[in-house]
Amino acid sequence: MTEDAHDATRRDQQEEAAAAGEAVASFTDEGERDPTFEPEIEPSTDQAADGDDVEALRAEAKQYRDHLQRLQAEFDNYRKRVLREQTTAVEQAARPVFRRLLEVLDDFDLALMHAQDRPDFDRFLHGVELVYAKLLDTLRAEGLEQMDAQGKPFDPENHEALMQTGDGEGDPVVADVLRPGYTLKGRVLRPAGVRVERK
């Protein structure tokens, strides 16, 4: 094959490849494709569109991240504010109780002052009984109740066994109340300290 014919064949192959939409490859002198040739491929319009989509998705992801960070900061502020409000509410709820207890404290002060001026045991005892009754009324108004444990079956949720007597096989019973127990609004505040007896 002459050199002109060889060049013509090479041009024909390149034109056919270009017409088929392929990258123009480099051919050897024998008319075969050169395996070391790496064509420069222009990005297609589809690839450019894909690049735009990636950028759009990145921008959208950044918006979502910023929005999430704002929500997280707002929730943290909300949680702190609710905690402050709850603490304040508990403190404010205790104020009326302490105000009523201050009246009892005033009565104790008066009773002690009168006992020093005129040491009359009967009057002093009567004054202390009145103050004690007022204190109980104040606490009852807030939901405090004394347990009635005497003679009742022993209940570990309401009673604390401080002593145990008797060697019987029967169910344990509260024989004596050594320390009164109290409930606050129906819930055990302090279990009664009792002597348990088995008969």
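Check the entry above for the structure.
Calculation notes
- Residues numbered from 1 in each chain as written.
- Predicted model: local features only at pLDDT ≥ 70, side-chain atom pairs only at ≥ 80, totals over all residues.
- Heavy atoms only, no water.
- Pairing = 2+ DSSP bridges.
- Helix = DSSP H or I, 4+ residues; strand = E, 2+ residues; numbered from the N terminus.
- Buried < 20%, exposed > 50% of the residue type's maximum accessible area, 1.4 Å probe, protein only.
- Patch = residues over 30% accessible without salt bridge, like charges linked within 9 Å, V, L, I, M, F, W, Y side chains within 5 Å.
- Areas by Shrake-Rupley, 256 points an atom, 1.4 Å probe, with all protein chains shown as cover.
- Salt bridge = Lys/Arg side-chain N within 4 Å of Asp/Glu carboxyl O.
- Core = buried A, V, L, I, M, F, W, Y, C linked by side-chain atoms within 4.5 Å.
- Contact = heavy atoms within 4.5 Å.
- Expected span 1.5 Å × (residues − 1).
- Axes fitted to C-alpha atoms, helices over the stretch in contact; angles between N-to-C directions.

1. A few points about the pairing of strand S5 (residues 187-190)
Line of reasoning, step 1. In the sheet, strand S4 (residues 182-184) pairs with S5 via 3 bridges, with the strands oriented antiparallel. Within S5, the residue paired with Tyr182 across the bridge is Arg190.
Line of reasoning, step 2. Hairpin connection from S4 to S5: 2 residues lie between these consecutive antiparallel strands, with Lys185 at a positive phi of about 55°.

2. Focus: the pairing of strand S6 (residues 192-197)
Line of reasoning, step 1. For S6, a buried count of 5 out of 6 residues is recorded, marking the element as mostly surrounded by other parts of the structure.
Line of reasoning, step 2. Sheet topology places strand S2 (residues 159-165) next to S6; 6 bridges connect them, and they run parallel. Along S6, the bridge assignment pairs Gln164 with Val196.
Line of reasoning, step 3. When strand S3 (residues 173-179) meets S6, the two strands line up antiparallel, connected through 5 bridges. From the neighbouring strand, Val177 faces S6, where its bridge partner is Val194.

3. Things to note about a nonpolar patch on the surface
Line of reasoning, step 1. Together, Leu162, Met163 and Leu178 give the surface a local cluster of nonpolar side chains, amounting to about 270 Å² of exposed area.
Line of reasoning, step 2. Tracing the sequence through the fold places Leu178 in strand S3.
Line of reasoning, step 3. On the basis of relative accessible area, Leu178 is assigned to the partly exposed category, the value being 47%.

4. Observations regarding the nonpolar core
Line of reasoning, step 1. Counting residues in hydrophobic clusters, the biggest one holds 6 residues: Met147, Ala149, Val174, Ala192, Val194 and Val196.
Line of reasoning, step 2. Other than its neighbours up to four places away in sequence, Ala149 contacts His159, Val174, Val177 and Ala192.

5. A few points about helix H3 (residues 121-141)
Line of reasoning, step 1. Relative to the 30 Å expected for 21 residues at 1.5 Å per residue, H3 spans 30 Å between its end C-alpha atoms, a close match to the ideal helical length.
Line of reasoning, step 2. Where H3 is concerned, the buried positions are Gly127, Val131, Leu136 and Thr138.
Line of reasoning, step 3. Directly after H3, the chain includes Gly143, whose backbone phi takes a positive value near 100°.

6. Comments concerning the sheet that holds S2
Line of reasoning, step 1. A sheet is described by the order of its strands in space; here 3 strands give the open sequence S2-S6-S3, paired in mixed fashion. Bordering the open sheet on either side are S2 and S3, each of which pairs with just one other strand. In this sheet, adjacent strand axes meet at a mean angle of 35° when their direction is disregarded.

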